[in-house]
Amino acid sequence: MAPTPAPRPAMSHSSAFLLPSSSSVAPAGSAYALVVLNQRLPRFAPLLWDRAQVRVCADGGANRLFDGMPELLPGQDPDEVRARYKPDVIKGDMDSVRPEVMEYYSNLGTKIVDESHDQDTTDLHKCVTFVTENSLIADKSNLCILALGALGGRFDHEMGNINVLHLFPNNRIILLSDDCLIFLLPRAHTHSIHIERSIEGPHCGLIPIGVPSTSTITTGLQWNLDNTSMSFGGLISTSNMVVEEDVTVISDTDLIWTISLRHHS
Ligand SMILES: Nc1ncnc2c1ncn2[C@@H]1O[C@H](COP(=O)(O)OP(=O)(O)OP(=O)(O)O)[C@@H](O)[C@H]1O
Ligand SMILES: Cc1ncc(C[n+]2csc(CCO)c2C)c(N)n1
């Protein structure tokens, strides 16, 4: 008789952290850390900043915060905005953060972690390590790490950012841009993805990066997978659409989930 497969615990996902504050209070279990990368700040950066438990800038991400927050809050005094949006840490190999920006935040009490000796891991990797090892965060079991500006730029950086998802499969990490978000669905779980229709969808994708999948089963999509295999060189699920409030995914390999974000005028 074939051995019984190990049971797979359910894992649920939600992008409720992107909801405007008027829509809901932050739901229980939604604690998150923010990592600001070296790309234009997404429009929702101020909202996410206010609710984060810990805020980290990856090297040149500190320049984006310094320049970008006053631009996103045009009615307010730029100096006051900068002082208010002070990161807890700036970490990286420090070849992109401008000296005056580093000095400005350092004088406000931001911790500077210079890891220029490590040229084998990306600044995002260094920042995720900081968050996962940070003793100030009491309960890290369900802490989510939101990486702002992770997509839509240089392709080598984007792939490096996606690799970080695979390097930390046991941590919840979400890569964000103004246009979409990405996270990993580890094969050890069954997944239930709640769709916040006011802020995300309908376009989505399920992509096996690294290894092909032999069997993926989904519900809630326009083009569901029914024990289907996926691989680069064969089928991968791009330009799919969400059609239900909850999407479920079961797969024999880790998959990348991506969904478009809605732009409100
Ligand atoms: N164009 C981009 N697209 C996607 N992510 C980016 C981009 N630029 C930077 N990042 C992210 O922001 C982090 C910090 O960026 P920064 O430019 O400081 O890195 P860097 O190591 O100096 O880059 P490089 O030396 O390769 O130009 C990177 O580790 C990466 O995760
Ligand atoms: C095979 C290989 N390719 C590229 C790099 C370069 N690199 C990768 S991460 C990083 C730090 C970026 O802040 C740098 C410079 C390397 N070390 N090894």
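The paragraphs below set out a description of the structure included in this document. (Residues numbered from 1 in each chain as written. Chains lettered and ligands numbered in written order. Predicted model: local features only at pLDDT ≥ 70, side-chain atom pairs only at ≥ 80, totals over all residues. Heavy atoms only, no water.)

**A look at the site of ligand 1**
The local shell around ligand 1 holds 18 residues, among which Asn 38, Asp 95, Ser 96, Arg 154 and Asn 161 are the closest. Between ligand 1 and the protein, one listed contact pairs an oxygen atom with a side-chain N or O atom of Asp 95 at 2.7 Å. Here Asp 123 contributes a side-chain N or O atom positioned 3.0 Å from an oxygen atom of ligand 1. Every element with two or more residues in the shell around ligand 1 is listed here: α5 (123–133) and α6 (155–167). (Near = heavy atom within 4 Å. Polar contact = N/O pair within 3.5 Å; in protein donor to acceptor, adjacent residues only side chain to side chain. Helix = DSSP H or I, 4+ residues; strand = E, 2+ residues; numbered from the N terminus.)

**Quick look at the site of ligand 2**
All residues adjacent to ligand 2 are Asp 93, Gln 119, Asp 120, Thr 121, Thr 122 and Asp 123. Between ligand 2 and Gln 119 there is a distance of 2.7 Å, counted from a nitrogen atom to a backbone nitrogen or oxygen. In the environment of ligand 2, a nitrogen atom lies 2.7 Å from a nitrogen or oxygen atom belonging to the side chain of Asp 120. Contact with the protein chains hides 42% of the accessible area of ligand 2, taken as 450 Å² for the molecule alone. Looking at the shell around ligand 2, its residues break down into no nonpolar, three polar and three charged. (Areas by Shrake-Rupley, 256 points an atom, 1.4 Å probe, with all protein chains shown as cover. Nonpolar A, V, L, I, M, F, W, Y, C, P; charged D, E, K, R; others polar.)

**Some thoughts on the sheet that holds strand β9 (residues 190–194)**
Taken in spatial order, the five strands make up an open sheet running β1-β9-β14-β11-β12, and their pairing is mixed. Strands at the two margins of the open sheet, each flanked by one partner only, are β1 (10–14) and β12 (226–230). Going across the sheet, the axis of each strand differs from the next one's by a mean of 25°, ignoring polarity. Pairing of strand β11 (residues 213–219) with strand β14 (residues 246–251) involves four bridges; the strand directions are antiparallel. Of the residues in β14, the one forming a bridge with Thr 218 is Val 249. (Pairing = 2+ DSSP bridges. Axes fitted to C-alpha atoms, helices over the stretch in contact; angles between N-to-C directions.)

**Considerations on the pairing of strand β7 (residues 172–176)**
With four of five residues buried, β7 is to be regarded as a mostly interior element. In this sheet, β7 lies alongside strand β6 (residues 144–148) in parallel orientation, the contact comprising five bridges. Bridged to Ile 145 within β7 is Ile 173. One crossover worth recording links β6 to the parallel β7 by way of α6, and it is right-handed. (Buried < 20%, exposed > 50% of the residue type's maximum accessible area, 1.4 Å probe, protein only. Right-handed = clockwise from strand over helix to strand, strands pointing away.)

**Concerning the packing of α5 against α6**
It is at 9 Å that the axes of α5 and α6 come closest, and there the two elements cross at 35°. For the pair α5 and α6, the crossing hand works out as right-handed. Mapping the contact onto sequence places Leu 124, His 125 and Val 128 in α5 and Asn 161, Val 164 and Leu 167 in α6. Taken together, the residues of the contact of α5 with α6 sort by class into four nonpolar, two polar and no charged. (Left-handed = near helix turned anticlockwise from the far one by under 90°. Contact = heavy atoms within 4.5 Å.)

**Some remarks on the packing of helix α2 (residues 61–72) against helix α4 (residues 99–108)**
For the pair α2 and α4, interaxial distance at closest approach is 10 Å and the crossing angle is 80°. It follows that α2 is roughly perpendicular to α4 by the angle criterion. Across from Ala 62, Asn 63, Leu 65 and Phe 66 in α2, the residues of α4 making contact are Val 101, Tyr 104 and Tyr 105. Class assignment for the residues of the contact of α2 with α4 results in six nonpolar, one polar and no charged. (Parallel < 35°, antiparallel > 145°, perpendicular 65-115°, else oblique.)

Purely spatial values, then, with no claim about function.
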